[in-house]
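The chain contents come next:
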Amino acid sequence: MSPEVFTAPLQRPAHVGLDWLEPAQTRYTSEDDAIWNDLFARQMEILPGRACSAMLHGLEKLDLGKGGVPDFGKMSEELDRLTGWSVVPVPMLIPDHVFFWHLANRRFPAGNFIRTRETFDYIQEPDVFHDVFGHVPLLTDPTFADYMQEYGRAGWKAMRYNRLKALGALYWYTVEFGLIMEHDELRIFGAGILSGPTEAIFALEAESPNRIMLNVDRVMRTDYVIDDLQPTYFVIESFDDLYRKTVERDFDRLYRDLGPSFTYANSAVIDVDNVVHKGSQEYFLRGGRGSKARPI
Ligand SMILES: [Fe+2]
């Protein structure tokens, strides 16, 4: 699939309003519910001991494993009680400014559709499993919930400075592909890792990728790949650490210092890095996904 799938369409579909929200959540078929259940069961074989505790607790608090695609209304009631967030259905990827506006108002836009058996193992456009299983459990954590709202607010500032690319890299390396230290061990909190079986193991255990402690200035200058496993993962000490390093950072100054393009390659290890593991990059040197290299 081409990278264009990650670009929201310019034209708003006729059935959605200015907020890009679907009038209602999809009525899923029994096969859709079975796909959710099979995806859920597959991830739960892998995630205990690998996912961060906030994610695993979030799954329980929201009862996401009770069977079938969760009902957004019921899930939002519980989420609202815990952290004031809700989950709202969108038809597809939505434009950046609309996405930021929803986050800034503590609404998480989730894809309304679910993948098919044919795309069971790999889907590039985020579906309801990625969005709800991967992202929503962490919204039960008060600090992470605040971080996501602040991210939405930060989006507007990045647009003013024309530095969305840098802010996108921060999202990518934290919300989608972030690792966290828990009791001196690496755990996963990024939704892109949590919602797939291969990367959940690769991100923590493979020799190939770098694992580097998060440095916001460095991450926002770092390129990333959208259609393969990551050559580098960044690690936070805690959600408080993530909040402090980003929200309390003077982004105005950072944006003025940043160039319009990335400085560092996605596999680079540089002098300022606090390195947890320097990767061999073997998987990528063998050609990555396109070459069917083993993710080692
Ligand atoms: Fe995502």
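Since the model is a prediction, treat every value here as computed from it, not as a measurement. (Residues numbered from 1 in each chain as written. Predicted model: local features only at pLDDT ≥ 70, side-chain atom pairs only at ≥ 80, totals over all residues. Heavy atoms only, no water.)

Engineer: I would appreciate a short explanation of unusual backbone geometry in the present structure.
Structural biologist: Outside of glycine, negative phi angles account for most residues, and trans bonds account for most peptide bonds. In the Ramachandran plot, Trp-20 falls in the positive-phi region, its phi being about 65° despite a non-glycine side chain. Along the chain, Trp-20 turns up in the segment before helix H1 (30-46). Judged by relative accessible area, Trp-20 falls into the buried class, the value being 5%. Backbone geometry places Arg-106, a non-glycine residue, at a positive phi of 55°. With respect to the element layout, Arg-106 can be found in the loop between helix H4 (96-104) and strand E2 (107-111). (Helix = DSSP H or I, 4+ residues; strand = E, 2+ residues; numbered from the N terminus. Buried < 20%, exposed > 50% of the residue type's maximum accessible area, 1.4 Å probe, protein only.)

Engineer: What's the story with the nonpolar core in this structure? I'm lost.
Structural biologist: Ranked by size, the top nonpolar core spans 87 residues in total, and within it Met-55, Leu-167 and Phe-239 carry the most contacts. Once you skip the residues sitting within four places of it in the chain, Phe-239 turns out to touch Cys-52, Ala-54, Leu-138, Asp-141, Thr-143, Phe-144, Ile-180 and Phe-189. (Core = buried A, V, L, I, M, F, W, Y, C linked by side-chain atoms within 4.5 Å. Contact = heavy atoms within 4.5 Å.)

Engineer: When you look at the coordination of the iron ion in this model, what are you seeing that I'm missing?
Structural biologist: Tetrahedral coordination by four donors places them ideally at 109.5 degrees to one another around the metal; octahedral coordination by six donors ideally gives 90 or 180 degrees. Taken together, the protein ligands of the iron ion are His-130 (NE2), His-135 (NE2), Glu-176 (OE) and Glu-176 (OE), with distances of 2.0 to 2.8 Å. One way to put it: the four donor atoms around the iron ion meet at angles of 51 to 136°, and that makes the site irregular. Here the donor residues of the iron ion share one chain and are spaced in sequence as H-x4-H-x40-E. Taken together, the residues His-135 in helix H5 (residues 128-135) and Glu-176 in helix H7 (residues 164-176) connect sequence positions 41 residues apart. With relative accessibility at 6%, the residue His-135 sits in the buried group. (Donors = N, O, S within 2.8 Å, 3.2 Å for Na, K, Ca; no water. Tetrahedral: all angles 85-135°; square planar, octahedral: opposite > 155°, others 65-115°.)

Engineer: Sorry, what's going on with the pattern of salt bridges here?
Structural biologist: Should their charged atoms come close, side chains of opposite charge can pair. In total, this model carries 14 salt bridges according to the counting rule given. For Asp-241, the salt bridge is made with Lys-245, and the minimal N-O distance between the two is 3.1 Å. With Asp-241 and Lys-245 both in helix H11 (residues 239-247), this residue pair falls four residues apart, about one helical turn. Relative accessible area serves as the criterion here: at 4%, Asp-241 is assigned to the buried category. A salt bridge links Glu-282 to Arg-286, with the shortest nitrogen-to-oxygen separation between them at 2.8 Å. Classification of Glu-282 as partly exposed rests on a relative accessible area of 29%. (Salt bridge = Lys/Arg side-chain N within 4 Å of Asp/Glu carboxyl O.)

Engineer: Just to check I follow, could you spell out the pairing of strand E4 (residues 185-188) for this structure?
Structural biologist: For a regular strand, side chains alternate in direction, first toward one face of the sheet and then toward the other. Bridge analysis of strand E3 (residues 179-182) against E4 gives four bridges, and the strand direction is antiparallel. Pairing of Ile-180 across the sheet is with Arg-187, part of E4. Hairpin connection, E3 to E4: the antiparallel pair is bridged by two residues, and His-183 has positive phi, about 50°. (Pairing = 2+ DSSP bridges.)

Engineer: In this structure, what is going on with the side chain of Gln-281? I would like to understand it.
Structural biologist: The residue Gln-281 is located in the loop between strand E7 (275-277) and helix H13 (282-285) in this model. Other than its neighbours up to four places away in sequence, Gln-281 contacts Ser-208, Pro-209, Asn-210, Pro-231 and Ser-267.

Engineer: Looking at this structure, how should I read the packing of aromatic side chains?
Structural biologist: Aromatic ring pairs are reported here in terms of the distance separating the ring centres and the angle at which the planes meet. Summed over all chains, the structure comprises 22 aromatic pairs. Pairing Phe-129 with Phe-133 gives two aromatic rings, centres 4.7 Å apart and planes at 15°, and the pair type is stacked. Taken together, the residues span about one helical turn, with Phe-129 and Phe-133 both in helix H5 at a distance of four residues. Residue Phe-129 is classed as buried on the basis of its relative accessible area of 0%. Between Phe-144 and Tyr-147, the ring centres sit 6.0 Å apart and the planes meet at 40°, which makes this aromatic pair tilted. Residue Phe-144 and its partner Tyr-147 are both found in helix H6 (residues 142-160); the two are separated by three residues, about one turn of the helix. Its relative accessible area of 3% is what places Phe-144 among the buried residues. Among the aromatic residues, those joined into a ring-pair cluster are Trp-172, Tyr-173, Phe-177, Tyr-224, Phe-234 and Phe-262. Sitting over the ring of Trp-101, Arg-107 keeps its end group 4.6 Å from the ring centre. Looking at Arg-218, its charged tip hangs above the ring of Tyr-264, at a distance of 5.4 Å from the centre. (Phe/Tyr/Trp six-rings, centres within 6.5 Å; stacked < 30°, edge-to-face > 60°. Lys NZ or Arg CZ within 6 Å of the ring centre and 35° of its normal.)

Limitation: the analysis is restricted to geometry and does not speak to function.
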